[in-house]
Amino acid sequence: MRVLVAGAGVTGPSVVRALLRDGAHVTVTDGNADRLAKLAQDDVELIAGLTEPPAGTDLVVTAPGWKPTAPLLVAAAEAGIEVIGDVELAWRLCQRRRQSSGPMAEPPAWLVVTGTNGKTTTVGMLESILKAAGLDAVACGNIGLPVLEALEGNPKVLAVELSSFQLHWAPSVRPAVGALLNIAEDHLDWHGSLEAYAQAKARALTGAVAIGGVDDPYVAKLLINSPAPRKVGVTLDEPIEDQLGIEAGKLVDRAFGAEDLIDAAEVTPGGPPGLTDALVAAAVARAYGVPAQAVRDGLRAYRPAAHRAAVVAELAGITYVNDSKATNPHAAAASIRAHDRVVWIAGGLLKGASVDDLVAEAAPRLAGVVLIGQDRDVIAAALARHAPDVPVTQVASGDDDAMTRAVDLAGAIARPGDVVLLAPAAASMDMFTDYGHRGRAFAEAVLNRLGLPT
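None of these values were measured; they are calculated from a predicted model.

What counts and how
Think of each chain on its own: its residues are numbered from 1, step by step along the sequence as written. Local features in a predicted model are, by the rule used here, given only for residues with pLDDT of at least 70; side-chain atom pairs are given and counted only at 80 or more, and totals for whole chains, interfaces and linings are based on all residues. Hydrogens and waters are ignored; side-chain quantities use all the structure's heavy atoms. Secondary structure elements are defined from DSSP: runs of H or I of at least 4 residues count as helices, runs of E of at least 2 residues count as strands, and each element is numbered from the N terminus. Here a helix's expected span is defined as the number of its residues, less one, multiplied by 1.5 Å. We call a residue buried when its accessible area falls under 20% of the maximum for its residue type, exposed when it is over 50%, and partly exposed in between, using a 1.4 Å probe and counting protein chains only. Pairs of strands are assigned from DSSP output, requiring at least two bridges between the strands. Under this scheme, a helix contributes an axis fitted over its contacting stretch, all axes are lines through C-alpha atoms, and angles between N-to-C directions fall in the 0 to 180 degree range. By definition, residues are in contact when any of their heavy atoms lie within 4.5 Å. By convention, a stacked pair of Phe, Tyr or Trp rings (six-membered ring in the case of Trp) has centres within 6.5 Å and planes under 30 degrees apart, an edge-to-face pair has planes over 60 apart, and any other such pair is tilted. Each angle receives one of four descriptions, namely roughly parallel if under 35 degrees, roughly antiparallel if over 145, roughly perpendicular if within 65 to 115, and oblique otherwise. Should the near helix be turned anticlockwise from the far one by less than a right angle, the crossing is termed left-handed; should it be turned clockwise, right-handed. Here, nonpolar core means buried Ala, Val, Leu, Ile, Met, Phe, Trp, Tyr and Cys residues that are tied together by side-chain atoms lying within 4.5 Å of each other.

> Looking at this structure, how should I read helix α11 (residues 271–287)?
Residues spaced three or four apart along an α-helix point in a common direction, a consequence of the helix completing one turn every 3.6 residues. A rise of 1.5 Å per residue sets the reference length of α11, with its 17 residues, at 24 Å; its end C-alpha atoms lie 24 Å apart and thus fit the reference within 8%. Burial within α11 is extensive, with 13 of its 17 residues counted as buried. Following α11 by one or two positions, Gly289 has its phi on the positive side, about 100 degrees.

This is the structure:
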């Protein structure tokens, strides 16, 4: 086949390797010449900035972030050329392997997790549980390791985090177990509507076992309508049959056997979001046949990744918390909800999401707000409507050291007992490389302000 790879970023190298192993003739295009040059090799053709596929192209494999409205992808569709993502390519290669013979014929099991928030934590927990059960498992997908690259190590089980973009471009993926945590407004600029975004997420529920966070009414509806033969709910209330939930301070399983899994107080991170993530991870693992003891051991061993409600420092009764991963209003609301009184640092790219519900809910907890980023005026307007008495300061995006300025302003507002919280409710790319860069900038600004070693 003659295959065009659209995008030379994170997934590009593993896509090229997989296609070359499969005997394809590979062309790669990207608007970034430096990124494109990194894929230079004798058997790969590089063409910068294509807006239509080269003549004779049989298939386009796109980077997940490319919108369907990108001129190149529109031109491919109009020419009748199939467009898929790297996850779909990985799935098809796995299915082809299943149809072959020999010792490597059986592909790894796919255990898929998606949702607006919590999916990275859930997949990390799931990987920890699977390893506690002695399984050869690897976390991959949106968590950072491309699925095709994970397959190169021949694992037995994949704990796959999938974004709405990845699921959009992966129409035939049918996981052994798929889970949907929650649905809230996010990436509406990409999908065009909340319904389209939710339908992309719901593709995770099309395999043998579907698991949903049923405390979210939208997810509960999608779970009911799922074609999966087995459907399991997760709730923070006492579970009924075919659910996991919380009873007498313990995470319990009432779907795969009447088992107590772990004390809720032992789960890290705690609070409603962390407990939901742990229950979903447990449900996925139990659906795959993992014993309760491994669930307990895996959750006890798990430690959250960086930039997720991480305490940077505490001084003079003021706590500084980095939750840069709160990249949408739903995540920011959960982050603020965990504290009684907050000086909130927020702002960035809202991606079309509304912040009115977030601000209205958070208003009683806000001691002050410092706004940064491109869409700070949108958040400021919501604060004026729903929290008019809360002091609000804006930091211009053109400030050379906007995060340092934001931390200094927030620290000046905070009083003993307060939390200075970076929970932006927005994406970071207007000012930073990614949410990790933003989180590191916050942590460094906090440590410098407090005179602590960085």
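> Looking at this model, I keep getting lost on the sheet that holds strand β1 (residues 2–6). Mind explaining?
Two strands in a sheet stick together by hydrogen bonds in their backbones, pointing the same way (parallel) or opposite ways (antiparallel). Read from one edge of the open sheet, 5 strands run β3-β2-β1-β4-β5, paired in parallel fashion. The sheet terminates laterally at β3 (44–46) and β5 (82–85), the two strands that pair on one side only. Averaged over all adjacent pairs, the angle separating strand axes in this sheet is 25 degrees, with direction ignored. Where strand β2 (residues 25–29) lies against β3, 3 bridges are found, and the strand directions are parallel. Directly across from Thr27, in β3, lies its bridge partner Glu45. Strand contacts of helix α4 (residues 86–99): β4 (59–62) and β5, with the helix running at about 90 degrees to β5, the strand carrying the most contacts.

> Can you walk me through the packing of aromatic side chains in this structure?
Think of a pair of aromatic rings as described by two things: how far the centres are apart, and how the planes are tilted against each other in angle. Applying the stated criterion across every chain, the model contains 3 aromatic pairs. For the ring pair Trp91 and Trp110, a centre distance of 5.1 Å and an interplane angle of 90 degrees mean the geometry is edge-to-face. Of this pair, Trp91 sits in helix α4 while Trp110 sits in strand β6 (residues 109–114), and the two are 19 residues apart along the sequence. Relative accessible area serves as the criterion here: at 10%, Trp91 is assigned to the buried category. A relative accessible area of 3% means that Trp110 is categorised as buried. For the ring pair Trp169 and Trp190, a centre distance of 6.5 Å and an interplane angle of 90 degrees mean the geometry is edge-to-face. Pair noted here: Trp169 is in the loop between α7 (164–168) and β9 (177–180) and Trp190 is in helix α8 (residues 188–191), with a separation of 21 residues, a long-range link.

> Quick question: what am I supposed to make of the packing of helix α16 (residues 402–413) against helix α17 (residues 435–450) here?
What describes two packed helices is the angle between their axes and the distance between those same axes. Closest axis-to-axis distance for the α16/α17 pair is 9 Å, and the angle between their directions is 55 degrees. Classed by the angle they form, the pair α16 and α17 counts as oblique. α17 is crossed by α16, and the crossing has right-handed handedness. Two secondary-structure elements touch here, α16 through Met403, Thr404, Val407, Asp408, Gly411 and Ala412 and α17 through Arg438, Ala441, Phe442, Ala445, Val446 and Arg449.

> In this structure, what is going on with the nonpolar core? I would like to understand it.
For soluble globular proteins, nonpolar side chains are generally found buried alongside one another. Counting 41 residues, the largest nonpolar core has Leu126, Leu130, Ile211, Leu244, Leu251 and Val284 as the members making the most contacts within it. Considering each element in turn, this core owes the most residues, 9 residues, to α11. Core analysis: the second largest hydrophobic core is formed by 36 residues, Val16, Ala18, Leu162 and Leu167 among them.

> I tried to follow unusual backbone geometry on my own but got confused; where do I start?
Note: most residues except glycine have negative phi, and most peptide bonds are trans. Of note, the bond from Thr268 into Pro269 is cis; its omega dihedral lies within 30 degrees of zero at 0 degrees. With respect to the secondary-structure elements, Pro269 resides in the loop between β14 (259–263) and α11. Here Asn154, not a glycine, exhibits a phi torsion of approximately 55 degrees, which is positive. With respect to the helices and strands, Asn154 occurs in the loop between α6 (147–151) and β8 (157–161).

Note that all results are geometric; they support no functional claim without further evidence.
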